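# Close look at the chain arrangement
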Amino acid sequence: MIDLLILLAATGGAPVETPSIFSPVSTPAFAIREIAFLVLGITGVIFVVVAGLAVYTIVRFRRRPGDRPLEPPQVYGSDRIELAWTVVPFLIVIVLFLVTARYIWEIERRAQPPGAIEVTIVGNQWWWEIRYPKLGIVTANELHVPVSDAASPAPTFITLESTDVIHSFWVPQLAGKMDVIPNKTNRVWIEPRTPGTYVGQCAEYCGLQHGLMLLAVVVHPRDEFDRWVATQRAPAVDEPAARSGRELFASLACINCHTVRGTPANGVFGPDLTHLMSRWTIGAGAARNTPENLRAWVNDPSALKEGALMPAMKLSRSDLDTLTAYLVTLR
Ligand code: CUA
């Protein structure tokens, strides 16, 4: 939870709601709230009946002063009672099963309409790679999508893959959980109806930094989304003032793992850095993306995120400064 707070703080001013399934903003999440209320209703009635009978029995048949320490009569075998407590729970389970199956079916059978946004999200220890194959965008940990309304429906269809272990994609206000499994492709779709920022979290224990595998979904009005797409499609800026940092970056092992489009850096093991500074956090929610934190991260990622797979770069102070000065130009 503390990590979610970092992310919330990191979104700096953007209104972020508590990630509760009871405040949905997207089609599948509305359905999930509906069924959650139904299940809570049924189980609530069962709880009241069972707890009520227990309390009644405890009070009504408590031992009173003067009672002899007699064992109560032992009653064996009543077909009617046994049948009742077998058949009734069985029927309740059947109802819950059928209703749940119908909701799952309704959500999963939704076909991808022509106007849908296509995204591939790849789970990594411990960050999310986010690709828009049709738009030529690659980013990390922050999914940007357009709002979808009745006039111009624009749901986002997400393909989930993993490069290492099992993760789980979960943004409670947008859709249900979906496992992210190596060598298996899963799909999930969202259809957010309200612009805003919605936070999520890997929901399957996936190693040391499972807790720092956060995800933010930013839902934009359509024109704002189109502007975001245009910015992200552009190659990295090449500021003359940051040339020495750019050359230093290209001479280091950084380029084996990271891509900066428009430069020799084309590694795919770590997050794409072409528009690094457009993101709120470093290390999937480990810290706010500020120049100071970025410098600390490059110096020693494990200081901010124990176990992060990026090695400490062991640079001199002046090299660190030069490199950071370059990285902060990647807007
Ligand atoms: Cu990825 Cu837990």
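These notes cover the structure that comes with them.

Here is what the cut-offs are and how they apply
- Residues numbered from 1 in each chain as written.
- Predicted model: local features only at pLDDT ≥ 70, side-chain atom pairs only at ≥ 80, totals over all residues.
- Heavy atoms only, no water.
- Buried < 20%, exposed > 50% of the residue type's maximum accessible area, 1.4 Å probe, protein only.
- Helix = DSSP H or I, 4+ residues; strand = E, 2+ residues; numbered from the N terminus.
- Pairing = 2+ DSSP bridges.
- Axes fitted to C-alpha atoms, helices over the stretch in contact; angles between N-to-C directions.
- Parallel < 35°, antiparallel > 145°, perpendicular 65-115°, else oblique.
- Contact = heavy atoms within 4.5 Å.

Attention now moves to the pairing of strand β1 (residues 117-124). Remark: a regular strand shows side chains that alternate across the two faces of the sheet. For β1, a buried count of seven out of eight residues is recorded, marking the element as mostly surrounded by other parts of the structure. Two elements, β1 and strand β5 (residues 156-162), share seven bridges in a ladder whose sense is parallel. Residue pairing for β5: V122 is matched across the bridge by E161. Here β1 pairs with strand β2 (residues 127-132) via five bridges, running antiparallel. Along β2, the bridge assignment pairs G123 with W128. Between the end of β1 and the start of β2, which pair antiparallel, lie two residues.

Another point: the sheet that holds β1. The sheet built from five strands is open, its strands ordered β3-β2-β1-β5-β8 with mixed pairing. Looking along the sheet, the strands with just one partner apiece sit at the ends: β3 (137-140) and β8 (186-190). Within the sheet, the average angular offset between the axes of one strand and its neighbour, ignoring direction, is 25°.

Below, the discussion takes up the packing of helix α5 (residues 243-251) against helix α9 (residues 317-327). Packing of α5 against α9 leaves a shortest axis separation of 8 Å and a crossing angle of 105°. Considering their axes alone, α5 and α9 lie roughly perpendicular with respect to each other. Two secondary-structure elements touch here, α5 through S244, G245, R246, L248 and F249 and α9 through D319, T322, L323, Y326 and L327.

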